[in-house]
Amino acid sequence: MDPVLIPILVAAIVVVFLVASTVRIVPQARRYNIERFGRYRRTLQPGLNFVVPVADRVNTKLDVREQVYSSAPKPVITEDNLVVNIDTVLYYQITDPRAAAYEVADYLQAIDQLTVTTLRNVIGSMDLEQTLTSREEINARLRAVLDDATGKWGIRVNRVEIKAIDPPNTIKEAMEKQMRAERDKRAAILHAEGERQAKILTAEGTKQKDILEAQGTQQAMILRADGEAKAVERVFQAVHRNNADAKVLAYKYLETLPHLAKSDNNTFWVIPGELTEAVRAVTSAFADRSATGLPEPAAGGDAGTSTGDGAPELEAASPLSLDAAAAADEVAKQAAEVVNDAKAEAEAARTRQPPGGGGTPGD
């Protein structure tokens, strides 16, 4: 190789090195701090920059975008002497690259330690329940303290969030039991409210049912009473319109006796004394129909004598026809049977009645 070319090549290499050392290209959202002979000179902005070779050098390269820093869980003592582990998330941004490089040695460690001390001061004035329910207040107080302290470091704290609060296991178990008890309490209250509403609705339904049934019974009784009243009124009008005599009324009276004897609720009743007169009146009626113009039986004992059963016996010398006598005997027999049955039922009711009972059956 020619000895002349060697110095030329060396000079070219030196020139290329110097030119390369002079040019600095800074990416977007980056800042470079330049020192000249060990002294801070300036901060390079994004783009193409020129520096003095050999004299200037890049000391620190900083990212000015918003950063996220998550700290490890730190033990903190609450006001009620419970140790809880709290880890935080910090959102910060470098606003002054020179201060971030020269005002503090390690800004991340400084922020972490400041967060821990501030958090202990804040949590130390709260109990566990307040700590668990006052996260917004804790975040606001932490951000205010950190923003004020990191301003001179060229760092702005945008947001501080508590990521987790871990109480001791015993406290967790107690909290779970308390939550379970609260859920059971709410379930019992809801169940009781449901039963209460069900009973109220059932009672309302029963009340409405009873009211409607009572109203229906009332209307039925009213209609039945109106019907009976109209029937009695028509019978009364018919009797008065046809001018019924005592003989017809006596016959109707005898027809009513079997119905009185058949009643299940009658344990005490009296055989009326005018039964013989009623039989005598019916007998006279049949006699008047069969033999018109014959004299009526006297009111005393001339028409017949009363037997021990209360049925009248007709005299043999009576001028009644065979048909009238047979009809009178049949009526008398029926009346006597009714009286005997009534006496037997009254006697049976008296024997079935417990001692000290109410009424005395009639003879």
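Owing to the predicted nature of the structure, the values given are computational and were not obtained by experimental measurement.

**Quick look at the packing of helix 3 (residues 107-123) against helix 5 (residues 135-150)**
Okay, so step 1: At a minimum axis distance of 10 Å, the contact between helix 3 and helix 5 shows a crossing angle of 140°. Compared by their axis directions, helix 3 and helix 5 come out oblique. Considering how the two elements wind past one another, helix 3 and helix 5 form a crossing that is right-handed. From helix 3, Ile111, Leu114, Thr115, Thr118, Leu119, Val122 and Ile123 reach across to helix 5, where they touch Ile138, Arg141, Leu142, Val145, Leu146, Ala149 and Thr150.
Okay, so step 2: In terms of residue class, the contact of helix 3 with helix 5 is made up of 10 nonpolar, three polar and one charged.

**Looking at a positive patch on the surface**
Okay, so step 1: Positive charge collects at one region of the surface, where Lys177, Arg180, Arg183 and Arg186 lie side by side.
Okay, so step 2: Residue position: Arg186 is located in helix 6 (residues 169-242).
Okay, so step 3: Taking relative accessible area as the criterion, Arg186 reaches 47% and is therefore assigned partly exposed.

**A look at the sheet that holds strand 5 (residues 56-63)**
Okay, so step 1: Ordered in space as 3-2-5, the three strands form an open sheet in which the pairing is antiparallel. Both edges of this open sheet fall to strand 3 (39-44) and strand 5, since each of them pairs with a single strand only. The average undirected angle you get between the axes of adjacent strands in this sheet is 25°.
Okay, so step 2: Here five bridges tie strand 2 (residues 30-36) to strand 3, and the two strands are oriented antiparallel to one another. Opposite Ile34, over in strand 3, you have Arg42 as the bridge partner.

**Points about the pattern of salt bridges**
Okay, so step 1: Per the stated rule, a full pass over the model turns up nine salt bridges.
Okay, so step 2: The shortest N-O distance in the salt bridge between Arg30 and Asp63 comes to 3.6 Å. With a gap of 33 residues between them, Arg30 in strand 2 and Asp63 in strand 5 connect regions that are remote in the sequence.
Okay, so step 3: Owing to a relative accessible area of 27%, Arg30 belongs among the partly exposed residues under this scheme.
Okay, so step 4: A residue is classified by how much of its surface remains accessible, and Asp63, at 18% relative accessible area, is buried.
Okay, so step 5: Here the residues in one salt-bridge network are Arg30, Asp63 and Arg65, joined through shared partners.

**Details of the nonpolar core**
Okay, so step 1: Within the largest apolar cluster, 28 residues are counted, with the highest numbers of intra-cluster contacts made by Ile86, Leu90, Leu119, Ile138 and Ile155.
Okay, so step 2: Residue assignment for this core shows that the elements contributing at least two residues are strand 8 (83-94), helix 3, helix 5 and strand 9 (155-166).
Okay, so step 3: In terms of residue count, the dominant contributor to this core is helix 3 (seven residues).
Okay, so step 4: When residues no more than four places from it in sequence are discounted, the contact partners of Leu119 are Val76, Ile86, Thr88, Ile138, Leu142 and Ile162.

**Points about the packing of aromatic side chains**
Okay, so step 1: Counted according to the given criterion, the structure contains two aromatic pairs.
Okay, so step 2: Between the aromatic rings of Tyr92 and Tyr107, the centroid separation amounts to 6.0 Å while the plane-to-plane angle is 65°, which identifies the pairing as edge-to-face. With Tyr92 in strand 8 and Tyr107 in helix 3, this residue pair connects regions lying 15 residues apart in the sequence. Tyr107 shares its class with Tyr92; the two are buried.

**What about the confidence of the model for the chain?**
Okay, so step 1: Per-residue confidence for the chain gives a mean pLDDT of 76, with 69% of residues at or over 70.
Okay, so step 2: With pLDDT under 50 throughout, residues 290-322 is counted as low confidence; its partners more than four residues away or in other chains account for 40 contacts.
Okay, so step 3: Long-range and interchain partners of residues 356-363, a stretch whose pLDDT sits below 50, account for 13 contacts in this model, where long-range means more than four residues apart.

**Description of helix 3**
Okay, so step 1: Taking 1.5 Å of rise per residue, 17 residues should cover 24 Å, and helix 3 covers 24 Å from first to last C-alpha, within 8% of that figure.
Okay, so step 2: Those residues of helix 3 that sit buried are Tyr107, Ala110, Ile111, Asp112, Leu114, Thr115, Val116, Thr118, Leu119, Val122 and Ile123.
Okay, so step 3: N-capping of helix 3 is provided by Asp106, with a side-chain oxygen placed 3.4 Å from the backbone N of Leu108.

**Regarding the side chain of Lys74**
Okay, so step 1: Considering the arrangement of structural elements, one finds Lys74 in strand 7 (residues 74-77).
Okay, so step 2: Every residue in contact with Lys74, bar those within four places of it in the chain, is listed here: Val84, Asn85, Ile86, Asp112 and Val116.

**Examining the side chain of Thr131**
Okay, so step 1: Within the secondary structure, Thr131 is located in helix 4 (residues 128-133).
Okay, so step 2: Taking relative accessible area as the criterion, Thr131 reaches 0% and is therefore assigned buried.
Okay, so step 3: Here Thr131 is in contact with Thr78, Ile123, Met126, Ile138 and Ile165, once residues within four sequence places are set aside.

**A closer look at unusual backbone geometry**
Okay, so step 1: Positive phi outside glycine occurs at Phe37, with the angle close to 55°.
Okay, so step 2: If you check the backbone angles, Val54 has positive phi at about 70° while not being a glycine.
Okay, so step 3: Tracing the backbone shows Val54 in the loop between strand 4 (47-50) and strand 5.

**Quick look at a nonpolar patch on the surface**
Okay, so step 1: Taken together, Ile6, Val10, Val14, Phe17, Leu18 and Val54 make up a surface patch of nonpolar side chains, about 560 Å² in accessible area.
Okay, so step 2: As for its position among the elements, Val14 is in helix 1 (residues 5-22).

**What to know about the environment of Ala164**
Okay, so step 1: By the element assignment, Ala164 lies in strand 9.
Okay, so step 2: Not counting the four nearest positions on each side in its chain, Ala164 is found in contact with Asn85, Ile86 and Asp87.

Cut-offs and rules
- Residues numbered from 1 in each chain as written.
- Predicted model: local features only at pLDDT ≥ 70, side-chain atom pairs only at ≥ 80, totals over all residues.
- Heavy atoms only, no water.
- Axes fitted to C-alpha atoms, helices over the stretch in contact; angles between N-to-C directions.
- Helix = DSSP H or I, 4+ residues; strand = E, 2+ residues; numbered from the N terminus.
- Parallel < 35°, antiparallel > 145°, perpendicular 65-115°, else oblique.
- Left-handed = near helix turned anticlockwise from the far one by under 90°.
- Contact = heavy atoms within 4.5 Å.
- Nonpolar A, V, L, I, M, F, W, Y, C, P; charged D, E, K, R; others polar.
- Patch = residues over 30% accessible without salt bridge, like charges linked within 9 Å, V, L, I, M, F, W, Y side chains within 5 Å.
- Areas by Shrake-Rupley, 256 points an atom, 1.4 Å probe, with all protein chains shown as cover.
- Salt bridge = Lys/Arg side-chain N within 4 Å of Asp/Glu carboxyl O.
- Lys, Arg positive; Asp, Glu negative; His and termini not counted.
- Charge placed at Lys NZ, Arg CZ, Asp CG, Glu CD.
- Buried < 20%, exposed > 50% of the residue type's maximum accessible area, 1.4 Å probe, protein only.
- Pairing = 2+ DSSP bridges.
- Core = buried A, V, L, I, M, F, W, Y, C linked by side-chain atoms within 4.5 Å.
- Phe/Tyr/Trp six-rings, centres within 6.5 Å; stacked < 30°, edge-to-face > 60°.
- pLDDT = per-residue confidence, 0-100.
- Expected span 1.5 Å × (residues − 1).
- Polar contact = N/O pair within 3.5 Å; in protein donor to acceptor, adjacent residues only side chain to side chain.

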